[in-house]
Amino acid sequence: ASGFLPRALQNRPTLDEHLIFYFEAFQDLSRSRSYSQAGPQPLAMGEILAYCQMFDIEGYEFRKKLLALVQALDRTYREVVSEQAQQANALRDKA
């Protein structure tokens with residue numbers, strides 16, 4: 001190891017401890033997502049419900065919060081992937 005820490009790691013965001021559960025749920029659910037030529041597809045609400053059932057996540061308000069946060073993370077993830085693909089296409093078109 002060089003002892004050098006890349007800037008991206010130096011400036012990485014940290015999650016508040018109470019949000020780690022939701023981020024981990026998003027990561028678990030994201031592994032089951034569909035992909036098309038357009039890129040990653042949105043996580044299906046049925047997949048989120050199945051996740052809740054599998055892990056005994058109960059309570060309307062808690063599930064509602066999980067759904068809202070996972071969908072927000074999913075939307076952001078798909079936006080970033082789309083932007084990266086557009087940038088890669090632009091670079092390829094210039095070459």
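To be clear, the structure that these remarks concern was listed above.
The rules we used
- Residues numbered from 1 in each chain as written.
- Predicted model: local features only at pLDDT ≥ 70, side-chain atom pairs only at ≥ 80, totals over all residues.
- Heavy atoms only, no water.
- 1 Å grid on protein atoms, 1.4 Å probe; cavity = no way out; pocket = protein on both sides within 12 Å on 5 of 7 lines; lining within 4 Å.
- Points joined across faces, edges and corners; volume = space filled by probe spheres on them.
- Helix = DSSP H or I, 4+ residues; strand = E, 2+ residues; numbered from the N terminus.
- Nonpolar A, V, L, I, M, F, W, Y, C, P; charged D, E, K, R; others polar.
- Buried < 20%, exposed > 50% of the residue type's maximum accessible area, 1.4 Å probe, protein only.
- Arc of directions from axis to C-beta.
- Contact = heavy atoms within 4.5 Å.
- Patch = residues over 30% accessible without salt bridge, like charges linked within 9 Å, V, L, I, M, F, W, Y side chains within 5 Å.
- Areas by Shrake-Rupley, 256 points an atom, 1.4 Å probe, with all protein chains shown as cover.
- Salt bridge = Lys/Arg side-chain N within 4 Å of Asp/Glu carboxyl O.

S.K.: I'm lost on the layout of surface pockets in this one. Help?
M.R.: If a probe the size of a water molecule is rolled over the atoms, the empty space left behind becomes visible. Quantified by volume, the largest pocket comes out at close to 200 Å³. Taken together, Met 45, Gly 46, Ile 48, Leu 49, Cys 52, Tyr 60, Arg 63, Lys 64 and Leu 67 form the lining of the largest pocket. Going through the elements one at a time, helix H3 (45-54) and helix H4 (60-94) are the ones with two or more residues in the lining of the largest pocket. Here the lining of the largest pocket takes five residues from H3, the largest share from any one element. Looking at side-chain class alone, the lining of the largest pocket contains six nonpolar, one polar and two charged residues.

S.K.: Explain H3 here, please?
M.R.: For an α-helix, 3.6 residues make a turn, and residues three or four places apart therefore share a direction. When we look at burial in H3, the residues that qualify are Ile 48, Tyr 51 and Cys 52. In an axial view of H3, the angular spread of the buried residues amounts to 100°, which keeps them on one side of the axis. Against the buried residues of H3 lie helix H2 (20-30) and H4. Asp 56 sits one or two residues past H3 and shows a positive phi near 55°.

S.K.: Looking at this model, I keep getting lost on a nonpolar patch on the surface. Mind explaining?
M.R.: Where nonpolar side chains cluster on the molecular surface, the patch consists of Leu 15, Ile 20 and Phe 23 and spans about 230 Å² of accessible area. Considering the arrangement of structural elements, one finds Leu 15 in the loop between helix H1 (7-10) and H2. Leu 15 sits in the partly exposed class, given a relative accessible area of 44%.

S.K.: Is there a simple way to think about the pattern of salt bridges in this case?
M.R.: Within this structure, the stated rule accounts for three salt bridges. A salt bridge links Asp 28 to Arg 31, with the shortest nitrogen-to-oxygen separation between them at 2.8 Å. Owing to a relative accessible area of 34%, Asp 28 belongs among the partly exposed residues under this scheme. Assessed through its relative accessible area of 63%, Arg 31 is described here as exposed.

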